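# Notes for the structure review
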Amino acid sequence: MDIVVTSITFLIPIFLLAFILYIIRAIKGPTISDQVLAIDAMTYDVAAFLVVLSIYLRIPILTATAIVLALWIYALDIYIAKYLEKRELGE
Amino acid sequence: MTEVLIYIGLALIGLGAVSDLIAAIGMNRFKNFYLRLHAATIGTIWGAFVPIIGASLVAIGYEPLGYYRWFVAGAGFVAALLVLILAPAGSHALARATHRARIVRVEPCIADHLDETMCIKGGSE
Amino acid sequence: MIDPVTYMLTLIILCMVVNLGIALYGIFFRPSLVKKIIAVTILGDTANTFAIMLGYRRWLSPEKPSIPPVLLNYANATKEALAEFSARAVDPLPQALVLTAIVIGLAVTLFLVFLTLQIHRLYGTTDVREIRKLRG
Amino acid sequence: MIDPQVLVLGIGALAALASVVAVYFAVIERNLVRAVVFSAIQSTLYALLYYILMAPDIVLVYVPVAVGLYPAVILFLISKTEREEKP
Amino acid sequence: MKHAIAVLSIVLFVLAMSLLLTVAGGLYIPSISVRPLAELYLNTTYNPWNREFTALSPEGVTAIVWDYRGLDTVFETTVFYLAIIASIAIARGIRKYSALPGKELGLSLIVRTVTRITTTLIVAVAISIALHGHLTPGGGFQGGATAAVAPLLILVAFSHYFLLKRGVSKDLMLVIRSLGLAGIGIVAIATYLVAVASGLPGFVLQNQPKPLSPVNLPAYLGGQLISGTLWFFNIFEFFAVMAGFTIVFLLLAIPERIARGGGEK
């Protein structure tokens, strides 16, 4: 049995457990900031997870999706921050 | 040589997974937003940056990927760099906006040097 | 004996059915126009997921997962590689249809956003009950 | 040893189940900004689901549209109209 | 608390119901094979031994979008065009400003610096996605949607006036968008025009040579695979989608105070 595949099989449940805990905070969060922070951490978690999973499945072409996911969740942060700070997004 | 890369990479992925779990537990256990900021930083740098670097190292040494392992490694390093740049900036923007919009109150509060009016001395504890 | 793979696929399909129901509830019974737009986007995404589920295929064996419809190593492709590719790749047609549907869905949503904005400029509210009252 | 197909599809099933919760709160929530945030959770989970269903093209177009553009557009709309949904 | 119970009951219902359906086995489930039509697409998307049907593109999705079902996509582009035009028509009558505010607006310095770096990266990633659309996952729609986030990010992190000062206006974007659409049209009828001019039968939206019509665009350019028309379609669709979304965001970002006519004219 391949050492890489065996190790990643045992590491995936740990990632998934963290993922579930982040989702709980993202659903529960008392304020909007808590929710966005949890989504932030969850999405970076997912991005790391996608790279690991593409090695596990041996499909290299799927790695490109991680770049896109890492780029866009920053945009969500900025939008919510601007809304909380200024109320008018355009200026 | 390739075995060494694979072992280092797997160790980094394992370290990242464990840090991610710790950060997720902290996310649920900490009391207010400013403390959760700390957990989120652990979760993004140790929980995302380190495993992606580890996965890139594994991909360089992993034969079944064939010629495309350089693609995986390159995309992985770019993604890791993006996480390293973007995660702190996003957290910063969110924290600053939260403080300015006054939607999170910290109780009990010792001192708030940015805005004294937000600090309610001697709260519930 | 329950096949776990069938169980997982059924679970995904049923979750999408439930999402479709909740989104339809949001479109029909929530008063705010903004909430209706959010529900419409969720409805569109869920319908797209159904289309992609149609194109999925099961794995050939545990060592040979199904792959995206992208041929790797095309420069030195042999006929055997091509046969293996068409034995493992998922159906590309639903993906191609969904691809354009997502972009056009965003354009149509932008149109709905402008309509809602104009309604708010004219009537001063986005609540459908009040808009109906204003028009008699 | 666990079957890899069950493991991978199990991740997808988990994402689908979590998306049901996110969609429920996105439709029920009265504060519209929080509804947008819930719909962003749903978008991220759907992106993971599309990845599991082997559609990288859809992930590449869905993530910019649903995580990068939809929340901004709806936040623009909310900031120009109303923040709360009346009961 | 009421919501927690509702969510829990929905989740339990889904779990139990799918167990029931698995045992009963009445639901449609993806099987180990795909439909014959999909087999045809997968077999011919890159097949140098079957030059009559192949699209010569290793990427199945882009081949279907712009070759096998190219006419569908042209009409979808038309729907997209009409939706954007309808949005602009509703937003007509918005005032223009003569004087722009001189002071710096927007979020903090850290965010603005990171956004400057990120925008460059976004445009680079978008162009790479669009140009490699026929080889790796990606294409004109993906690249355009990716690039459209960059102006939106600038609008939010800086301000509406930042883009106006640098000459990114609605009219410029309309010109770019029209050029993109015109490019799609020219590439679509180019093979047909060449075939008619040389007295041969020809098709609109033809990519590789077909049994009746030998006229085609080259599949290789300087030794690199460009898959005939697909590469050009991807580039032009990239400009059309990016510019189309940017127009609407520029209109949407005008502050409400100015849009209602209370601000500077």
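Refer to the structure presented above.
The shown structure was predicted, so the numbers you read here are calculated from the model rather than taken from an experiment. (Residues numbered from 1 in each chain as written. Chains lettered and ligands numbered in written order. Predicted model: local features only at pLDDT ≥ 70, side-chain atom pairs only at ≥ 80, totals over all residues. Heavy atoms only, no water.)

### A look at the overall build of chain A
The number of helices and strands found in chain A is 3 helices and 0 strands. Secondary structure elements of chain A, listed N to C terminal, follow the sequence α-α-α. A globule of 91 residues ought to have a C-alpha radius of gyration of about 12 Å, yet chain A, at 16 Å, is considerably larger. By its C-alpha atoms, chain A is 55 × 30 × 10 Å across when sized along the principal axes. A burial count over chain A gives 81% of its 91 residues as buried. Put simply, 55% of the contacts in chain A that link residues at least 6 apart link residues at least 24 apart. Entry remark: accessible area of chain A is about 1,900 Å², with carbon and sulfur atoms responsible for 72%. In chain A, 6 side chains carry a positive charge and 8 a negative one; their mean positions are 4 Å apart. (Helix = DSSP H or I, 4+ residues; strand = E, 2+ residues; numbered from the N terminus. Rg over C-alpha atoms; globule rule 2.2 N^0.38 Å. Buried < 20%, exposed > 50% of the residue type's maximum accessible area, 1.4 Å probe, protein only. Contact = heavy atoms within 4.5 Å. Areas by Shrake-Rupley, 256 points an atom, 1.4 Å probe, with all protein chains shown as cover. Lys, Arg positive; Asp, Glu negative; His and termini not counted. Charge placed at Lys NZ, Arg CZ, Asp CG, Glu CD.)

### Regarding the interface of chain A and chain D
In this assembly, 41 residues from chain A lie in contact with 38 residues from chain D. By the criterion of area lost to chain D, the three top residues of chain A are Ile-27, Tyr-79 and Tyr-83 of chain A, representing 16% of everything that side buries. The interface formed by chain A and chain D contains 0 salt bridges. Seen at the junction of chain A and chain D, the total is 4 residue pairs in polar contact (both at pLDDT 80 or more). Contributions of two or more residues to the side of chain A that touches chain D are made by α1 (3-28), α2 (32-57) and α3 (64-86) of chain A. Residue composition of the side of chain A that touches chain D, by class: 30 nonpolar, 8 polar and 3 charged. (Buried area = accessible area lost by both parts, 1.4 Å probe. Salt bridge = Lys/Arg side-chain N within 4 Å of Asp/Glu carboxyl O. Polar contact = N/O pair within 3.5 Å; in protein donor to acceptor, adjacent residues only side chain to side chain. Nonpolar A, V, L, I, M, F, W, Y, C, P; charged D, E, K, R; others polar.)

### Concerning the packing of aromatic side chains
Taken as a whole and judged by the stated rule, the model has 18 aromatic pairs over all chains. Considering the side-chain rings of Phe-80 of chain E and Phe-245 of chain E, the 5.3 Å spacing of their centres and the 85 degrees angle between planes classify their relative orientation as edge-to-face. Taken together, the positions of Phe-80 of chain E in helix α4 (residues 70-90) and Phe-245 of chain E in helix α9 (residues 229-252) put the pair 165 residues apart, joining distant regions of the chain. Side by side, Phe-80 of chain E and Phe-245 of chain E carry an identical accessibility label, which is buried. With a centroid separation of 5.3 Å and 65 degrees between ring planes, the pair formed by Phe-238 of chain E and Phe-239 of chain E is classed as edge-to-face. Members of the aromatic cluster, connected to one another through ring pairs, are Tyr-67, Tyr-68 and Phe-71 of chain B. One residue, Arg-166 of chain E, lies across the ring of Phe-162 of chain E, its end atom 3.8 Å from the ring centre. (Phe/Tyr/Trp six-rings, centres within 6.5 Å; stacked < 30°, edge-to-face > 60°. Lys NZ or Arg CZ within 6 Å of the ring centre and 35° of its normal.)

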